[in-house]
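Below, each chain spelled out in residue letters.
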Amino acid sequence: MVYLSKKNMRKTIVFYFIFQSFFLHSQIRCASDHYISSLFQINNLYKNSQRNVNKEIVQWISNNNQKESINIITIPVIVHVIWEDNTDENISDMQILSQIEILNKDFRRANIDVINTPSVWNSIAADCEIEFCLASIDPYGNATSGINRVKTSVSTFSLIGDKMKSTNEGGTDPWPINDYLNIWVCDLSGGILGYATSPSNFLSSGDGVVVSYKHFGDNGTVEPPYHKGRTTTHEVGHYLGLKHLWGDSNCGDDQINDTPTQQSENNDCPGFPHNQNSCGTQNLNGDMFMNYMDYVNDFCMNMFTQDQKTRMVASINLYRNNFLTQTICNSSLSVINSTNRQNKKLIKIIDILGRKQNYEKKNIINLYIFDDGSVEKKIKIN
Ligand SMILES: [Zn+2]
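All values derive from a computational prediction rather than experimental measurement.

Caption draft 1: Representation of the environment of T261 within the structure. With respect to the secondary-structure elements, T261 resides in the loop between helix 6 (230-239) and helix 7 (306-319). With 17 C-beta atoms packed within 10 Å, T261 lands in the partly exposed category. Through-space distance from the C-alpha of T261 to that of C251 is 6.1 Å; in sequence the pair is 10 residues apart.

If you want it as structure tokens, here you go:
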């Protein structure tokens, strides 16, 4: 039998709780804060330009307060699928498309979960008027599916080193970061679900979003409770300038006026109201845990706020303004055709926002989903 001194006993207990906490939360919902801190260590330009972001955003908002006149902004997405042989990492077109639909529905407040937004926050829950498309044109002007599949011999990737973002290291280089939202889908080590860069006047060379293939989209390889595509919604929120609701410190500031002050992250799916009067406030509604920028389970998330929308629109105008005038989403025709199986059966036709079409509408992009997991994107011209 081993006897422990009081001091060692205390150490052992502390270690036990740390270990247990690590075990219980062995999945890391989001590593963006950790990732951005690590970028600060190696990139002074990024660090210094991030310091000015809040000032620049506040200034932009005060100069552009006609929120009503904002048009819909569409962001072209390139999804890089990095997959190793004999694994299920080479996710289907259908799984990728489901993620694009989820982004569109979440950012346009068009998903079915919005009915769960507590009524006290309905008036500030935002249609962000931001949409996403799979890119139709590649950097060389050729038609593309918006999906780049890359076979690798690397079994898992880590945020340290960012190797999924480098062709020389078993991943793939980003497409031009000013023109495309680059999303890398791969096997992430350490239980990390995803991470993203945040925007500023200096964009890091690895600008974009990384998501585990187990948490991308809502079918195929996804694993509950993070199986509804909200990891990507959350990470794209960071990519467009949003912080976690607790400002990454105890009762911290997320730079958003209409989200309540919150002590720290929420997990699982609390009941409403949760944590009333926290952080010494008189806030009877408690934490806005169902916000996409918290850590709750995917099915429990359902809102961005008006001020979060304003910050994202400001970030696009200041730091990602090629998206305002892009034509990468507007190519007349592109075909996603990675399986090409004969005799495949059409399951359904949907529009770019994921709405089912009962017939082929002309002059809009329709997505044809087949039973073999393939998707074809077409415009029927009059
Ligand atoms: Zn996060």
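Caption draft 2: Layout of the packing of helix 4 (residues 53-63) against helix 7. Following both chains from N to C, one finds helix 4 and helix 7 inclined at 100 degrees, their axes separated by 9 Å at the closest point. In terms of their interaxial angle, helix 4 and helix 7 are classed as roughly perpendicular. Here E56, I57, W60 and I61 of helix 4 come into contact with helix 7, specifically with T310, R311, A314, S315, N317 and L318. Considering only residue class, the contact of helix 4 with helix 7 consists of five nonpolar, three polar and two charged.

Caption draft 3: Representation of unusual backbone geometry within the structure. For the bond running from P224 to P225, omega is 5 degrees, close enough to zero to count as cis. Here the residue pair F272 and P273 is connected by a cis peptide bond, since its omega of -5 degrees sits within 30 degrees of zero. In the Ramachandran plot, N86 falls in the positive-phi region, its phi being about 60 degrees despite a non-glycine side chain. Mapped onto the elements of the fold, N86 is located in the loop between strand 1 (73-84) and helix 5 (93-107). The exposure class assigned to N86 is exposed, which follows from the 6 C-beta atoms found within 10 Å. Phi at R109 takes a positive value of approximately 50 degrees, unusual for a residue other than glycine. Relative to the helices and strands, R109 is located in the loop between helix 5 and strand 2 (130-134). Judged by C-beta crowding, with 18 C-beta atoms within 10 Å, R109 ranks as partly exposed.

Caption draft 4: View of the environment of W60. You can see W60 is positioned in helix 4. Along the sequence, W60 and V313 sit 253 residues apart, while their C-alpha atoms lie 9.9 Å from each other. Non-local contacts of W60, meaning those with residues more than four positions away in its chain, are made with A314, N317 and L318.

Caption draft 5: Broad picture of the pairing of strand 6 (residues 209-212). Residues of strand 6 alternate between two faces, with V209 and V211 on one and V210 and S212 on the opposite face, all of them buried. Direction of pairing for strand 5 (residues 194-196) relative to strand 6: antiparallel, over a ladder of three bridges. Bridge assignment links Y195 to a residue of strand 6, and that residue is V210.

Caption draft 6: Broad picture of the pairing of strand 2. The buried count for strand 2 comes to four of five residues, which makes it a mostly enclosed element. The pairing of strand 1 with strand 2 spans five bridges and is parallel. Bridge pairing in strand 2 links I75 to F132.

Caption draft 7: Layout of the packing of helix 5 against helix 6. As a packed pair, helix 5 and helix 6 sit with axes 9 Å apart at the nearest point and diverge in direction by 60 degrees. By the angle between their axes, helix 5 is oblique relative to helix 6. Relative to helix 6, helix 5 is oriented so that their crossing is right-handed. Facing Q99, I102, L103 and D106 of helix 5, the residues of helix 6 in contact are T232, T233 and V236. Residues belonging to the contact of helix 5 with helix 6 are distributed by class as follows: three nonpolar, three polar and one charged.

Caption draft 8: Looking closely at the nonpolar core. Judged by nonpolar contacts, the single largest core of 76 residues is most densely connected at V77, V79 and V185. Broken down by element, the residue count for this core peaks at seven residues, all from strand 1. Beyond its immediate sequence surroundings of up to four residues, V77 is in contact with I100, F132, C133, L134, A135, G146, Y180, L181 and I183.

Calculation rules
Residues numbered from 1 in each chain as written. Predicted model: local features only at pLDDT ≥ 70, side-chain atom pairs only at ≥ 80, totals over all residues. Helix = DSSP H or I, 4+ residues; strand = E, 2+ residues; numbered from the N terminus. Buried ≥ 20, exposed ≤ 12 C-beta atoms within 10 Å, placed from the backbone. Axes fitted to C-alpha atoms, helices over the stretch in contact; angles between N-to-C directions. Parallel < 35°, antiparallel > 145°, perpendicular 65-115°, else oblique. Contact = placed C-beta atoms within 7 Å. Nonpolar A, V, L, I, M, F, W, Y, C, P; charged D, E, K, R; others polar. Pairing = 2+ DSSP bridges. Left-handed = near helix turned anticlockwise from the far one by under 90°. Core = buried A, V, L, I, M, F, W, Y, C linked by C-beta atoms within 7 Å.

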